[in-house]
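What follows is each chain in one-letter form.
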Amino acid sequence: MKPSLRPQCPDFSSGPCAKRPGWTPAALKDAATGRSHRSKIGKAKLKEVIDRTRSVLGIPADYRIGIVPASDTGAVEMAMWSLLGARPVDLLTWESFGEGWVSDVQKQLKLKDARVIKAPYGKLPDLAQVDPSHDVVFTWNGTTSGVKVPNGDWISAEREGLTICDATSAVFAMDLPWAKLDVVTWSWQKVMGGEGAHGMLVLSPRAVARLESYTPSWPMPKIFRMTSGGKISEGIFKGETINTPSMLAAEDAIDGLKWGEGIGGLKALIGRSQKNFAALAKFVAASSWLDFLASDAASRSNTSVCLLIKAPWFKALDDKGQQAAAKRIVDLLETEKVAYDIGHYRDAPPGLRIWCGSTVETADIEALCPWLDWAFAQVESEMKQAA
Ligand SMILES: Cc1ncc(COP(=O)(O)O)c(C=O)c1O
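About the thresholds
Residues numbered from 1 in each chain as written. Predicted model: local features only at pLDDT ≥ 70, side-chain atom pairs only at ≥ 80, totals over all residues. Heavy atoms only, no water. Helix = DSSP H or I, 4+ residues; strand = E, 2+ residues; numbered from the N terminus. Rg over C-alpha atoms; globule rule 2.2 N^0.38 Å. Buried < 20%, exposed > 50% of the residue type's maximum accessible area, 1.4 Å probe, protein only. Contact = heavy atoms within 4.5 Å. Areas by Shrake-Rupley, 256 points an atom, 1.4 Å probe, with all protein chains shown as cover. Lys, Arg positive; Asp, Glu negative; His and termini not counted. Charge placed at Lys NZ, Arg CZ, Asp CG, Glu CD. Pairing = 2+ DSSP bridges. Axes fitted to C-alpha atoms, helices over the stretch in contact; angles between N-to-C directions. Salt bridge = Lys/Arg side-chain N within 4 Å of Asp/Glu carboxyl O. 1 Å grid on protein atoms, 1.4 Å probe; cavity = no way out; pocket = protein on both sides within 12 Å on 5 of 7 lines; lining within 4 Å. Points joined across faces, edges and corners; volume = space filled by probe spheres on them. Nonpolar A, V, L, I, M, F, W, Y, C, P; charged D, E, K, R; others polar. Near = heavy atom within 4 Å. Polar contact = N/O pair within 3.5 Å; in protein donor to acceptor, adjacent residues only side chain to side chain.

## Things to note about the overall build of the chain
So, point 1. Across its full length, the chain holds nine helices and 14 strands.
So, point 2. Its C-alpha atoms give the chain a radius of gyration of 21 Å, near enough to 21 Å, the size a compact globule of 387 residues would have.
So, point 3. Here the C-alpha coordinates of the chain stretch approximately 70 × 50 × 30 Å along the principal axes.
So, point 4. Relative to its 387 residues, the chain shows a buried fraction of 57%.
So, point 5. When contacts within the chain are restricted to residue pairs at least 6 apart in sequence, long-range pairs at least 24 apart make up 72% of them.
So, point 6. About 16200 Å² of surface is accessible on the chain, with carbon and sulfur atoms providing 53% of the total.
So, point 7. Taking the average place of the 46 positive charges on the side chains of the chain and the average place of its 44 negative ones, the gap between the two points comes to 3 Å.

## Let's talk about the sheet that holds strand E8 (residues 183-187)
So, point 1. Ordered by their spatial adjacency, seven strands build an open sheet running E1-E9-E8-E7-E4-E2-E3, and the pairing between neighbours is mixed. Two strands lie at the open edges of the sheet, namely strand E1 (64-68) and strand E3 (114-118), each paired on one side alone. Recorded for the sheet is a direction-independent mean angle of 15° between the axes of neighbouring strands.
So, point 2. With respect to the sheet, helix H1 (residues 40-57) is in contact with E1, E8 and strand E9 (199-203), its orientation differing from that of E1 by roughly 130°.
So, point 3. Against the sheet, helix H4 (residues 205-213) makes contact with E1, strand E4 (135-139), E8 and E9, and its axis sits at roughly 90° relative to E9, the strand it touches most.

## Describing the pattern of salt bridges
So, point 1. What the rule picks out here adds up to 21 salt bridges.
So, point 2. Across the salt bridge formed by glutamate 336 and lysine 2, the nearest N and O atoms sit 2.7 Å from each other. Of this pair, glutamate 336 sits in the loop between helix H8 (319-335) and strand E14 (351-355) while lysine 2 is found in the segment before H1, placing the two residues 334 residues apart along the sequence.
So, point 3. With a relative accessible area of 14%, glutamate 336 lands in the buried category.
So, point 4. Look at lysine 2 and you get partly exposed, because its relative accessible area is 45%.
So, point 5. For glutamate 48, the salt bridge is made with arginine 52, and the minimal N-O distance between the two is 2.8 Å.

## A short note on the pairing of E4
So, point 1. The buried fraction of E4 is high, at five of five residues.
So, point 2. Judged by which residues are buried, E4 turns out to be covered on both faces: Asp135, Val137 and Thr139 on one side and Val136 and Phe138 on the other are all buried.
So, point 3. Bridge count for strand E2 (residues 89-93) against E4 is three bridges, and the pairing is parallel. Residue pairing for E4: leucine 91 is matched across the bridge by valine 137.
So, point 4. Sheet topology note: the E4/strand E7 (residues 163-166) ladder contains four bridges and is parallel.

## Describing empty space enclosed by the protein
So, point 1. In total, this model carries three cavities of 30 Å³ or more according to the counting rule given.
So, point 2. Here the largest cavity is characterised by a volume of approximately 150 Å³.
So, point 3. For the largest cavity, the lining is made up of 17 residues, of which Phe172, Trp186, Ser187, Trp188 and Met192 are closest to its centre.
So, point 4. Grouping the amino acids of the lining of the largest cavity by side-chain chemistry returns ten nonpolar, five polar and two charged.
So, point 5. Of the volumes computed, that of the second largest cavity is approximately 60 Å³.
So, point 6. Forming the walls of the second largest cavity are Thr144, Leu293, Cys306, Leu307, Leu308, His344, Tyr345, Ala348, Pro349, Gly351, Leu352 and Arg353.
So, point 7. For the lining of the second largest cavity, the secondary-structure elements that each account for two or more residues are strand E13 (304-309) and E14.
So, point 8. By residue class, the composition of the lining of the second largest cavity is eight nonpolar, three polar and one charged.

## Thoughts on the pairing of E13
So, point 1. Burial runs high along E13: five of the six residues are buried.
So, point 2. Summarising the sheet, E13 and E14 pair through five bridges and their orientation is antiparallel. Note that in E14 the partner of valine 305 across the bridge is isoleucine 354.

## Describing the site of the ligand
So, point 1. The ligand sits among 13 residues. The nearest are Ser71, Thr73, Thr143, Asp166 and Lys190.
So, point 2. One of the side-chain nitrogen or oxygen atoms of threonine 143 is found 2.4 Å away from an oxygen atom of the ligand.
So, point 3. Between glutamine 189 and the ligand, the recorded distance is 3.1 Å, taken from a side-chain N or O atom to an oxygen atom.
So, point 4. Here the ligand has 400 Å² of accessible area as a free molecule, and 85% of this is covered by the chains.
So, point 5. For the shell around the ligand, the elements supplying multiple residues, two or more each, are helix H2 (71-83) and helix H3 (96-108).
So, point 6. At three residues, H2 tops the list of elements feeding residues into the shell around the ligand.

Listed below in structure tokens is the structure:
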């Protein structure tokens, strides 16, 4: 039997994520469209994004916050290209995005003194191996495996290296220990439900000191350049972006931040995501066919929740069969307009990935759960008929 209740919003994608509750294009009516981003109003809008970001996240006053080109990838690459090479680097990887940063460091920057600390999908690598005299590059929340670092206790307060953290599917939904993080990056389209376009780059004073004291041996594209004449380009961190940003996307980022402030700030944003995760976790705990990909409960993501299908008939399929069966579940739910974009990431083990970030309503997660059972039962019966 088909469940009678549908989620009001079927957007459960892990990026771009659901817009905030109540969002309509009218939220963008004050956008400085058609104006120069260097005009007074343009610069003020970009600075507003930076100021509200600092205030909502509680970012220390001496950390720089910049809006940069090319989304989270742009921000991470800008940081790696500008900062790495001064010391050995530890690269933590446990899913596709972390793997991408490893590949960049090894194959593009060709750093010899790079150590890869790796774990398979569903697990965290041994964080105790990180050497505080090395730089470290890591992803706070592995979006494609649903495994996050549980906290920053493994990062030394006395470290000599820099911590470079891709926090794109974590920030605003998880507590970040700013004092332990020297570089933090994210994009607008994740937890706050903004539009894809720009990246955010946060630098600690130690990261700025590195920028001002170290010049990499490789060429630096203009859109990565954060210094001029050996000094940090302060303008970037006041809204004078390196190149032209979208003022529409900036307005939307402001709208999201205002919404976050209105519901009670960071604590409320994190609370919403945790409540969504708890609703889904309750369903998974009682499920005969679903399980978490993340084996350790402490490192289970509360945003990009990745689920495995443990039903014996599914596990008996080969990889291609599993991919097809998982896709059939996803397609059925999409056809019913119940859930969009909940397929596993292409490199991850076959299953489902359901975004539980702050813009998602818990009632929608609860309404989705019976539909998951329905779609699974449909696919199970199709498989039995075909056999
Ligand atoms: C952990 C992580 N890093 C990087 C990216 C790439 O982000 P963007 O498309 O904003 O560059 C994503 C996208 O989902 C991600 O989840």
